[in-house]
Structures are given as C-alpha cells and as structure tokens.
Amino acid sequence: MAVGEGLERSELWHRAQKLIPGGVNSPVRAMRSVGIPEPLFVKRASGAYLETTDGRRLLDWVQSWGPLPFGHADPETIEVVRAAALDGTTYGASTEREVDLAGEIADALPSVEQVRLVSSGTEAAMSALRLARGFTHRDRIIKFAGCYHGHADPFLAAAGSGLATLGIPASPGVPSAVTADTIIVDYNDIDATAAAVERYGEGLAAIIVEPVAGNMGCVPPAPGFLEALRALCDASGALLIFDEVITGFRVGRSGAQGRFGVMPDLTILGKIVGGGLPLAAFGGRTEIMGRLAPAGDVYQAGTLSGNPLATAAGLSVLRRLRDPKVYEELERRSARLEAGLAPYGHVQRVGAMLTFFTGSDPVTHFVDLDTDRYAEVFRGLLDQGVYLAPSQYECMFPSLAHGDDEIDRTIAAVAAVCG
Ligand code: HOZ
C-alpha cells in the first residue's frame, strides 16, 4: 500500500485534527515537514518493527525516540510491567523499586550520588535547573543553540528537535524575562562559551549541554569541548549540567560522561531509564541534591514520580545493561549501519545514536539543514517500508532488535533511494 493510503488512517486523522491540536500529542510526530500530510497511526510494535493502522509493517529506526535498547515489546519488560500492575499502578508513596532504580543509576553514572525520579525529561530538566539556581543563588544559564532540554520556558530559546523542524525560534507564551537569563552560544564553540562566561560568569548558575547533541541531528562534542565547559564552570562557580536524556545508558552504561571522561555536577536522564514507560530522573552529588525538599528548601514534587510500573520497566532494562556485551553488540551493529549508509550522505554517530545527513558536510553546531532533500529520502524509504524520524534534526536509534538483516535492508533501501 502506498504512503498516505488507507481509509482508517484518513478517518483517524480527520478525527485527530478535530480533537487534538495539530492532530498530534507531540509536534515531532507530525510529518508535514517531510511532505506527508497525515502522520502514521501505530497499532502495535514488536522488536524492530511497527505495524500501522493501515496495515503496513515498517522497519522502525525511531524506536520511540530512544528509550528502547531491546526494541519494542521486549518480552522481559512486558513481563515485569504486567507483574507490577497486578500489585497496583500507583501509590503516591515510596517503594523499594524506587530505591533500587536510584541505586542502579548511581552505580552506573560516576558523577551521581543521589537521584530524584520524575515522569518526563522536561520535568527533569526544569527541576535540575531550579536546583542549580537554588544551589548557586544565581539566575543566568548558558545553553547551546540546537540543544533541546524539553519544553520548560527557560529552554525554549534556539532549541532543536521539533522547534528546529517547525522553524519556531522562540515560543509565544514564554515570558521574555525568563529567556533573558538564557544565554545562547554555538555548540562546540569553546571561545564563544569562554567569552559568555567572562561576560556573565558572576551571575551564571549553570551551563547546560547535551554532551552528544541529538536534537540537531547527532553532533558529537569536538575534542576538548566538554573539558572546556568543565573548566569554565569550575572557574566561575557555575554548575555543569549534562542533559543525558538521549545519551544516558545509550552511548555506554556510564553515559556520555563515562564515555568522554568529563563529570558534570548534575545529570538529566530520561528515555532508557524508564525502559519505555514514562520515567525520567536527575541526579548529582549529595551536596547539591540535598538541597531538594524535604531535605532542603528547593521545591520539586510529583504524584506519579517513581511510578511502580515505570520503575519495574526501568530496573529490568538497566540491570540487563550491566552486561558489557550489550554495548559491544550495539556498537557493532551501529557501526555496520554507519558504514553502509556513509557512501550515500554524511553519517555522524556516537555509540547507538546516529544521523544520516543527506548533505555531505560535517555538522558541528546548529545549522539549517537541507530539509527538502531529507524529505524526499524519507518518503522514498517509507515507500520501501523503512521508517526514519520525520525530521533531519533527529537521530536513528539502533537496538538489539535490529539484526544484520534489518541493517542491510536499510542500507539497500537507502542505496535505492539515494544511489
Ligand atoms: N527528544 C525527542 C525528540 N528529539 C522528544 C520527543 C518529542 O518531543 O515528542
């Protein structure tokens, strides 16, 4: 069936547009920017594949934007979630699994001593920033153009992901006074960051960064960039915040901080820590985290925080990620994909996250990408049953469910479309 056909899908889309703004519950799901008027509606998913309501089986490289190192409907995750649900879906009170999950995170991430669990990456980023401001008694932050830290007000300036895709430089509804304290610098530009710290350093609460950018396409940190941020924070008294929502447990068990050997003061986590259920976290040294209420006076809370189903899923996944063979295999498969795609564009990869750029130039910071060409390639691949993110500003997320067959089939499809 050709892309866009299917009565059920059109009916659904019609209804969705009436009932849901723009027809979608998160802007990155819309496909207009790749020239497809109606987004896919997913019926079910398993392993590396999605099945849509109009009966298509798609080889899925989006994988819910990153939380699934073992692929969709991973049997062990399903089993622990089912078992957890039988004991109740939420208590609004403490559980043993929350403590175990915090322990698993602290054990994996070298910079983290204490963890607070929340429900989304946006919430984690927003809370980490409040904590950094409360701890330092300062307001300003430096953020990098093209990095995306969820949709809380202070971060909606020159943000990547859906804002880059839709060309929304700054969102109405965000008070200008809030973003006035957000200083924007180009990713990987050490001199510009140093100049910003020089200028605003006294009032600087934090530098926040995706240690591998995943929301302007996959953009690795230049050699020395993360180290320079660490040194600038140390010199100015600002906190260094790594947003590891995408990189955490993906580019290695110890995240980007372990992979690149640079320790932040605070770490934001999401996606994989929840094993595919809504859970995120932020953590750091006890000295800083201890300022959170009720231990301290920086307020942060959540009814569903540490949800028993989500902690069950997260624990099941994180415990299996203790096995180094998982990362060796993710690395091998991702490298195979990278090598196969490289002749047809420009591939940037760190561990199991990569972007196939349809242009040929290396991407080192946020730039306007050739979205028209990407849209053509996206549609060509979808016609062949291969589903990439509906935006050039996002990543592909290999999992252990993507075997060599899936990888080779994708390379062949790209060769047919781009060759
Ligand atoms: N980080 C994800 C996309 N880059 C977020 C998914 C969403 O916004 O729905």
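Residues numbered from 1 in each chain as written. Predicted model: local features only at pLDDT ≥ 70, side-chain atom pairs only at ≥ 80, totals over all residues. Heavy atoms only, no water.

## Thoughts on the site of the ligand
Here is step 1 of the chain: By nearness alone, every residue bordering the ligand is listed as Ser26, Val28, Trp65, Ser161, Asn215, Lys271 and Glu394.
Here is step 2 of the chain: Between the ligand and Ser26, the relevant distance is 2.5 Å, taken from an oxygen atom to a side-chain nitrogen or oxygen of the residue. (Near = heavy atom within 4 Å. Polar contact = N/O pair within 3.5 Å; in protein donor to acceptor, adjacent residues only side chain to side chain.)

## Focus on the environment of Ala352
Here is step 1 of the chain: You can see Ala352 is positioned in the loop between β11 (346-350) and β12 (353-357).
Here is step 2 of the chain: Separated by 303 residues in the primary sequence, Ala352 and Tyr49 have C-alpha atoms spaced 17 Å apart.
Here is step 3 of the chain: Look past the residues within four positions of Ala352 in its chain and what remains in contact with it is Arg250, Leu330, Ser334, Met396, Phe397 and Pro398. (Helix = DSSP H or I, 4+ residues; strand = E, 2+ residues; numbered from the N terminus. Contact = heavy atoms within 4.5 Å.)

## Re the packing of helix α3 (residues 96-108) against helix α11 (residues 308-320)
Between two packed helices, the angle of one axis relative to the other and the distance separating the axes together describe the packing.
Here is step 1 of the chain: One can describe the packing of α3 onto α11 by two numbers: an axis separation of 9 Å at closest approach and a directional angle of 35°. Crossing geometry of α3 relative to α11 is assigned as left-handed. Each of Arg97, Glu98, Asp100, Leu101, Glu104 and Ile105 in α3 lies in contact with α11, whose residues at this interface are Pro308, Thr311, Ala312, Gly314, Leu315, Leu318 and Arg319. (Axes fitted to C-alpha atoms, helices over the stretch in contact; angles between N-to-C directions. Left-handed = near helix turned anticlockwise from the far one by under 90°.)

## Considerations on helix α13 (residues 371-383)
Here is step 1 of the chain: In this model α13 runs 18 Å from its N-terminal to its C-terminal C-alpha over 13 residues, within 8% of the 18 Å that 1.5 Å per residue would give.
Here is step 2 of the chain: If you follow the buried residues of α13, they end up packed against β3 (57-60), β12, β13 (386-387) and α14 (404-418).
Here is step 3 of the chain: Of the residues one or two after α13, Gly385 is the one with positive phi, at around 85°. (Expected span 1.5 Å × (residues − 1).)

## So, the side chain of Thr358
Here is step 1 of the chain: Structurally, Thr358 can be placed in the loop between β12 and α13.
Here is step 2 of the chain: Look at Thr358 and you get buried, because its relative accessible area is 15%.
Here is step 3 of the chain: For Thr358, the contacting residues outside a window of four places in its chain are Gly345, Asp370, Arg373, Tyr374, Val377 and Gln392. (Buried < 20%, exposed > 50% of the residue type's maximum accessible area, 1.4 Å probe, protein only.)

## Observations regarding the nonpolar core
Here is step 1 of the chain: If you look at the biggest cluster of nonpolar residues, it comprises 34 residues, and the most contacted ones within it are Phe378 and Tyr387.
Here is step 2 of the chain: Mapped onto this core, the elements with two or more residues apiece are β2 (49-52), β3, α12 (324-341), β12, α13, β13 and α14.
Here is step 3 of the chain: With six residues, the top contributor of residues to this core is α13.
Here is step 4 of the chain: Residues within four places of Phe378 in sequence aside, it is in contact with Met31, Val34, Ile36, Tyr387, Leu388, Ala389 and Pro390.
Here is step 5 of the chain: Tyr200, Ile207, Leu240 and Val262 belong to the second largest nonpolar core, which has 29 residues in total. (Core = buried A, V, L, I, M, F, W, Y, C linked by side-chain atoms within 4.5 Å.)

## A short note on the sheet that holds strand β1 (residues 42-46)
Here is step 1 of the chain: With mixed pairing, four strands are arranged side by side in an open sheet as β1-β2-β3-β13. Each having just a single partner strand, β1 and β13 make up the two edges of the open sheet.
Here is step 2 of the chain: Examined bridge by bridge, β2 and β3 share three bridges and lie antiparallel to one another. When the sheet's bridge partners are listed, Leu50 is paired in β3 with Leu58. (Pairing = 2+ DSSP bridges.)

## Considering the confidence of the model for the protein chain
Here is step 1 of the chain: When pLDDT is averaged across the protein chain, the result is 95; 98% of the residues are at 70 or more.
Here is step 2 of the chain: Confidence over residues 1-6 falls short of pLDDT 50; this stretch has 12 contacts with residues more than four positions distant or in other chains. (pLDDT = per-residue confidence, 0-100.)

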